[in-house]
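Listed below, chain by chain, are the residues.
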Amino acid sequence: MNEKQLVGEKAVEYIKDGMVVGLGTGSTVYYTIKKLGELVKGGLKIKGVPTSELTAALANEEGIPLVDLKEIEALDVAIDGADQVDSHLNLIKGGGGALLREKIIANAASIFIVVADSSKVVNQLGAFPLPVEVVQFGVDMTSRKVACLGCVPKLRVREGQPFITDNGNYILDCDFKRIESPAELEMKLNMIPGVVENGLFVNSASRVITVENNEVIESVK
Ligand SMILES: O=C(CO)[C@H](O)[C@H](O)COP(=O)(O)O
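Every value quoted in this text rests on a predicted model; they were computed, and no experiment measured them.

Draft legend 1. Expanded view of the nonpolar core. I15, L23, L36, I46, I64, I79 and V115 are the most contacted members of the largest nonpolar core, which has 22 residues in total. Elements that contribute at least two residues to this core include exactly strand 1 (20-23), helix 2 (29-41), helix 3 (53-62), strand 3 (75-80), strand 6 (109-115) and strand 14 (207-212). It is helix 2 that provides the largest number of residues to this core, a total of four residues. With near-sequence residues (within four places) excluded, V115 lies in contact with V7, G8, A11, T28, V29, T32, I79, D80, G81, A82 and I209. The next biggest cluster of nonpolar side chains, apart from the first, holds 20 residues, and it includes I92, V134, C151 and L200.

The following block contains the structure:
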């Protein structure tokens, strides 16, 4: 079993009957969703809240009942992947472009579980370019303001066209190399007009499930 499958499936151990579960986006949480689908077919009663259209489609295929955020007050658990995780359990997310909905859902959940293969674990965040979601209007201006914080922002492009998020926005992938203070940077970025949200998740994860020397390791806050 590959590491993504190992950690992705491990996370379902925290899901119990009756829970409202935030369903993340990406190739690791894919295994969580597939496993939850199996359990639902076997009688597990949960409701899922998807963090992206892609995840909504996968959850539908797997027969996981979905609920709209406006129909609930809070989530019991959210499970999601990450692009980088540091030793304080701070994260970079948004490699799949779903960071805004992922942050809203992680924030609304009592417990936020992160599933990450060993390649995601780092001493310091920043080598992975930080995804920043920005509105289309004035993107060049916004990009210059973001660059003033010490990075090189690059507009995300897919198949020759700017990548558009599920919310109709662009993504700037911002190469900071090293992020000394994730909390400070998270705030500074979000104060720039035109920035909708950024992929720094600070003090957000309750539990990180990863792999070390072929063994599943769990770190808790
Ligand atoms: O933040 C994300 C999507 O916006 C993903 O969770 C992150 O990119 C990790 O993805 P993967 O599990 O495919 O490596």
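Don't stop here, the text continues.
Draft legend 2. Structural detail: the site of the ligand. Around the ligand sit 17 residues, and of these S27, T28, D83, G94 and K120 come closest. G94 is positioned with one of its backbone polar atoms (N or O) 2.7 Å from an oxygen atom of the ligand. For the ligand, whose accessible area on its own is 380 Å², the fraction buried by protein is 91%. Looking at the shell around the ligand, its residues break down into two nonpolar, nine polar and six charged.

Draft legend 3. The arrangement of the domain arrangement of the protein chain in detail. Per the domain assignment, the segments of the protein chain are domain 1 (3-121 + 202-212) and domain 2 (130-198). The C-alpha centroid of domain 2 is placed 24 Å from the C-alpha centroid of domain 1. Each partner contributes to the interface: domain 1 provides 14 residues, whereas domain 2 provides 17 residues. Between domain 1 and domain 2, the buried area comes to about 1200 Å², and carbon and sulfur atoms account for 59% of it. Ranking the residues of domain 1 by area buried against domain 2 places L99, L100 and K103 at the top, with a combined share of 41%. With four residues, helix 4 (residues 99-108) is the single largest residue contributor to the side of domain 1 that touches domain 2. Here the residues of the side of domain 1 that touches domain 2 sort into four nonpolar, six polar and four charged.

Draft legend 4. The arrangement of the pairing of strand 11 (residues 170-175) in detail. Of all six residues in strand 11, five are buried; the element is thus mostly enclosed. As paired elements, strand 7 (residues 130-134) and strand 11 share five bridges and run antiparallel to each other. Bridge pairing links E133 to I171 in strand 11. In the sheet, strand 8 (residues 152-155) pairs with strand 11 via four bridges, with the strands oriented antiparallel. Paired with V152 across the strands is D175, a residue of strand 11.

Draft legend 5. Representation of the side chain of K120 in the model. Looking at the element boundaries, K120 is found in the loop between strand 6 and strand 7. You can call K120 buried: its relative accessible area is 13%. With near-sequence residues (within four places) excluded, K120 lies in contact with K4, T28, A82, D83, Q84 and V85.

The rules we used
Residues numbered from 1 in each chain as written. Predicted model: local features only at pLDDT ≥ 70, side-chain atom pairs only at ≥ 80, totals over all residues. Heavy atoms only, no water. Core = buried A, V, L, I, M, F, W, Y, C linked by side-chain atoms within 4.5 Å. Buried < 20%, exposed > 50% of the residue type's maximum accessible area, 1.4 Å probe, protein only. Helix = DSSP H or I, 4+ residues; strand = E, 2+ residues; numbered from the N terminus. Contact = heavy atoms within 4.5 Å. Near = heavy atom within 4 Å. Polar contact = N/O pair within 3.5 Å; in protein donor to acceptor, adjacent residues only side chain to side chain. Areas by Shrake-Rupley, 256 points an atom, 1.4 Å probe, with all protein chains shown as cover. Nonpolar A, V, L, I, M, F, W, Y, C, P; charged D, E, K, R; others polar. Domains from an automatic or database assignment. Buried area = accessible area lost by both parts, 1.4 Å probe. Pairing = 2+ DSSP bridges.

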